[in-house]
Amino acid sequence: MIGLISATAAGAAARDRLAAAWPDRTRVYEGPVGDAVRAAFAQCEQLVCFLATGAVVRLVAPLLSGKTEDPGVVCVDEGGRFAVSLLGGHAGGANELAREVGELLDAEPVVTTATDAVDLPGLDTLGLPVEGDVAGVSRALLDGEAVALRAEVAWPLPPLPVTDGGPYTIRLTDRLVEAAEREVVLRPPTLVVGVGASRGAPLEEVLGLVEESLREAGLSVASVAELATVDAKAEEAGIVGAARRLGVPLVTYSAGELAGVDVPNPSDAPLAAVGTPSVAEAAALVGGGELLVPKRKSAASPAMATCAVVRRPGRGRLAVVGLGPGARDLVTPRAQAELRRASVLVGLDQYVDQIRDLLRPGTRILESGLGAEEERARTAVEEARKGQAVALIGSGDAGVYAMASPALAEASDDIDVVGVPGVTAALAAGAILGAPLGHDHVSISLSDLHTPWEVIERRVRAAAEADIVVTFYNPRSRGRDWQLPKALGILAEHRTPRTPVGVVRNASRPDESSRLTTLGALDPATVDMMTVVTVGNTATRDIAGRMVTPRGYRWQSAQEGSE
């Protein structure tokens, strides 16, 4: 919950805007400001104070407990000009809150955290348990000193400017180790603990068995991702309580699913009790991985709990990102976030140049030229399979004549894939022309490099016969100068020469140009590969110089018929 505190009418007005925008996230604290701040500080995860920073500093100073306990605090000035991340920038989420508040109130976010200032991800913001010399290693990264990454397990980290060696170390491990001097230990959630239990098994017996098994195997409890068991034990108090105490989810599987998992230590007892020869080992192994701790029983007599531990390989992450038609303000916030998250960027060289300044220091860039689409797709998938966080970029929307389809054809279910939509060329051109896509429409690429012309022609003819608005991608190049005239000729068999046609080149870019012509007047020689050609249907009209395809609502037709 976010506590909102104000002292003046101007502050209250901004406060109320925030409260109205986030009704489920915020709580307004009324009354004397000092009392309101103290109450919100004790009850909320974050505060937004519409007060001077000096006043808030004096009010919260006596309340501070520690970096990991204090809420994040953001200050907004009376004029609503700035949203200042004052306290708990990373641990309390104040940096991100300042950005959100700034966007909502049209205020400038002020973030002074050192890593944020130079666009480095904070080691305590990676979503992983962290131990050791966080301040020292972070300072080394800021100062450009050599910091080595020792990845004992694969995990998709964001970009970090690390080297193969150096006096400082970031260690990525699920082992039970102490951080050395000048070292930070990051613990990814790679461990799955399978648990079985008799009815009424005590919480302390289940939890004690899990913790002892991890400790004796030299594994960190901080790297446990989940407890897993058979669904017949989903309500077993000892198992539910152990998951709660460990702070991890409890995942359950049917007896049939577990019975199909090959395990080294099957038993007749669970088969008779719940219908599977293994619970602990099978539940841990369902998603694959390395069995680190085979089934073992608790020390109680009789033993009422069993457990097994598996290390699942870190899944790489592939984000297929659409960059839009070219303008920076048409690169979506989600696309920008994925670019900043990726430790490896794969893309066409000219597209990489467009967004190079959006990348964080340490991002590894793998770029290539035109014609290497399949190679880029394979490279991106291969990097993701190594456990990397990868962004594969394309123009427009990555799923429209771009990189998503070849990448997903290469990818299997051993990596996570995220699609990030972008503004397509057809949409960008349509917005410039007016509303040519107001009714049914289709996009057709006239490039026959990957698709036989016979197939393309059949699709154009079908669109012509169906009276559908057509947007042509890749309409004409030096080596392909006859396809566009042929396609326009097919459409002309079903549409009049007066049919509006929109021609847009380099939509949204500085050298953008557009014109509205007709099917009879369009000269194909004026079109190139940077152009999108949109041909209207029989209802499309030129209205005040804009290309408009009516939606054709029934009520409109009825109204027109009555006039």
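Below is a summary of the structure that appears in this document. All values derive from a computational prediction rather than experimental measurement. (Residues numbered from 1 in each chain as written. Predicted model: local features only at pLDDT ≥ 70, side-chain atom pairs only at ≥ 80, totals over all residues. Heavy atoms only, no water.)

1. Quick word on the overall build of the chain
Each helix and strand in the chain was counted, giving 19 helices and 28 strands. A total of 563 residues make up the chain; the buried ones form 46% of that total. Within the chain, contacts between residues at least 6 apart in sequence are counted, and of these 65% link residues at least 24 apart. Looking at charge distribution, the chain has the averaged site of its 54 positive side-chain charges lying 2 Å from that of its 72 negative ones. (Helix = DSSP H or I, 4+ residues; strand = E, 2+ residues; numbered from the N terminus. Buried < 20%, exposed > 50% of the residue type's maximum accessible area, 1.4 Å probe, protein only. Contact = heavy atoms within 4.5 Å. Lys, Arg positive; Asp, Glu negative; His and termini not counted. Charge placed at Lys NZ, Arg CZ, Asp CG, Glu CD.)

2. A word on helix α18 (residues 483-492)
Looking only at α18, the buried set comprises Gln483, Leu484, Ala487, Leu488, Ile490 and Leu491. The buried side chains of α18 occupy one side of the element, clustering within an arc of 155° when seen end-on. Against the buried residues of α18 lie α17 (453-465), β23 (469-473) and β26 (531-535). (Arc of directions from axis to C-beta.)

3. Points about the pattern of salt bridges
For the coordinates displayed, the defined rule picks out 30 salt bridges. As a salt-bridge pair, Asp16 and Arg15 come within 3.0 Å of each other at their nearest N and O atoms. On the basis of relative accessible area, Asp16 is assigned to the partly exposed category, the value being 39%. Look at Arg15 and you get buried, because its relative accessible area is 8%. Each of Arg150, Glu152, Arg171 and Glu183 takes part in a single network of salt bridges with overlapping partners. (Salt bridge = Lys/Arg side-chain N within 4 Å of Asp/Glu carboxyl O.)

4. A word on the pairing of strand β18 (residues 364-368)
Here strand β17 (residues 344-348) pairs with β18 via 5 bridges, running parallel. The residue of β18 that forms the bridge with Leu348 is Ser368. Handedness of the β17-helix α13 (residues 349-355)-β18 crossover: right-handed. (Pairing = 2+ DSSP bridges. Right-handed = clockwise from strand over helix to strand, strands pointing away.)

5. Comments concerning the nonpolar core
Ranked by internal contacts, the top residues of the largest apolar core, which has 22 residues, are Val193, Val195, Val206, Leu214, Val224, Leu227 and Val309. When residues in this core are grouped by element, the largest group, 5 residues, is from helix α7 (residues 203-216). When sequence neighbours within four positions are dropped, the list of residues in contact with Val193 reads Val210, Leu214, Val224, Glu226, Leu227, Ala228, Cys307, Ala308 and Val309. Membership of the second largest hydrophobic core comes to 21 residues, among which are Ala463, Val503, Val533 and Val535. (Core = buried A, V, L, I, M, F, W, Y, C linked by side-chain atoms within 4.5 Å.)

6. A short note on the sheet that holds strand β21 (residues 434-435)
Strand order in the open sheet formed by 3 strands is β21-β28-β27, and the pairing between neighbours is mixed. Among the strands making up the open sheet, the edge pair consists of β21 and β27 (541-543). Where β21 and strand β28 (residues 546-548) come together, 2 bridges link them in parallel fashion. Its bridge partner being in β28, Gly434 is matched across the sheet by Met547.

7. Quick word on the packing of helix α1 (residues 9-21) against helix α4 (residues 94-105)
If you want to describe how two helices pack, look at the angle between their axes and the distance between the axes. Across the interface, α1 lies against α4 with an axial gap of 11 Å and an inter-helix angle of 105°. One element, α1, and the other, α4, form an angle in the roughly perpendicular class. Counting all contacts with α1, which are made through Ala14, Arg17, Leu18 and Ala21, the residues of α4 involved are Val101, Leu104 and Leu105. Across the contact of α1 with α4, the residue classes break down as 6 nonpolar, no polar and 1 charged. (Axes fitted to C-alpha atoms, helices over the stretch in contact; angles between N-to-C directions. Parallel < 35°, antiparallel > 145°, perpendicular 65-115°, else oblique. Nonpolar A, V, L, I, M, F, W, Y, C, P; charged D, E, K, R; others polar.)

All quantities given are derived from atomic positions and should not be read as evidence of function.
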